Amino acid sequence: MKNFLFYISLLCLLPSAGYGQINFSAYADYGLEIINTPQDLDFNQVGPIIADGSTYSLDVHEGNYSLVEIIGVKYLDIYVDVSAEDLTGNNTGETIDFTLNAAYSNQLGDLKNPASVSLKYINVANNAFNIRVPVLERQSQPPNPPPTPPTKATDLDPKSDYSNPLYETFYLYLYGDIVVPNGTAADTYTGTVTITISYD
């Protein structure tokens, strides 16, 4: 029996502004931040991990997930782009297949407890997805009119002003499965999930 340590590190990137084009839907002056440090996905939570072809799953409904909290202007849509790689042994270089799963919630409520809200599951293909969603669900209403130009109220740092009614938190839940092939060498296996957020 071989035991393994598995985790996935999350790398959070914000895109840089584009140059040489006019884009009337870009809201560069509005605050948009990932406000927490997402936890690693640690498959030892469901272990011990044995190299016998078994599948090991982290499930959002069992509390085994990484929560990404994104704060932004509540009446704007955001783009969330996520990609994940397979796990690679730090010493052996062997790989283990990782299948990313994801869900989100943009409703008011105790969103740190997925059982208390209705999650929206994301279709993940080839360990990647790109979604456009409102920061706060519109409750079956059409989108608001275009926002007013940025002001002092919109350029506040969302990390330091949670009481600002302009901002709301969007919750992204990441979890998934690994399949450990028979005879995989004992090692620490790691991978990276990259998250990019923007208004456009």
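For the structure itself, look to the data block above.
All residue numbers here refer to positions counted from 1 along the written sequence of the relevant chain. Only residues with pLDDT of 70 or above have their local features reported here, since the model is predicted, and side-chain atom pairs are shown and tallied only from 80 upward, although totals for entire chains, interfaces and linings are computed over all residues. Side-chain descriptors were evaluated using all non-hydrogen atoms of the structure, hydrogens and water having been removed beforehand.

A few words on the environment of Leu67. Runs of H or I in DSSP of at least four residues are treated as helices and runs of E of at least two as strands, each being numbered from the N terminus. By the element assignment, Leu67 lies in strand β5 (residues 66–73). For the pair Leu67 and Tyr173, spaced 106 residues apart in sequence, the C-alpha separation works out to 4.8 Å.

The backbone of Asn126 sits at a positive phi, close to 55 degrees, despite the residue not being glycine. Inspection of the secondary structure assignment puts Asn126 in the loop between β9 (120–122) and β10 (128–134). One non-glycine residue, Asn127, lies in the positive phi region at around 60 degrees. Note that Asn127 resides in the loop between β9 and β10.

For this analysis, a nonpolar core means a set of buried residues of the types Ala, Val, Leu, Ile, Met, Phe, Trp, Tyr and Cys, connected via side-chain atoms within 4.5 Å. Burial status follows relative accessibility: with a 1.4 Å probe on protein chains alone, a residue under 20% of its type maximum counts as buried, one over 50% as exposed, and anything between as partly exposed. Among the nonpolar cores identified, the biggest contains 51 residues, and Val80, Phe170, Leu172 and Leu174 are the most heavily contacted of them. Broken down by secondary-structure element, the contributors of at least two residues to this core are β2 (32–34), β4 (55–58), β5, β6 (77–84), β8 (95–105), β10, β11 (167–179) and β12 (188–198). Ranked by the residues each element gives to this core, the list is headed by β11, at 8 residues. Each residue touching Phe170, except ones within four places of it in the same chain, is listed here: Val68, Glu69, Ile70, Ile78, Val80, Tyr104, Ser105, Asn106, Ile131, Val133, Pro134 and Val135. We call two residues in contact when some of their heavy atoms are within 4.5 Å.

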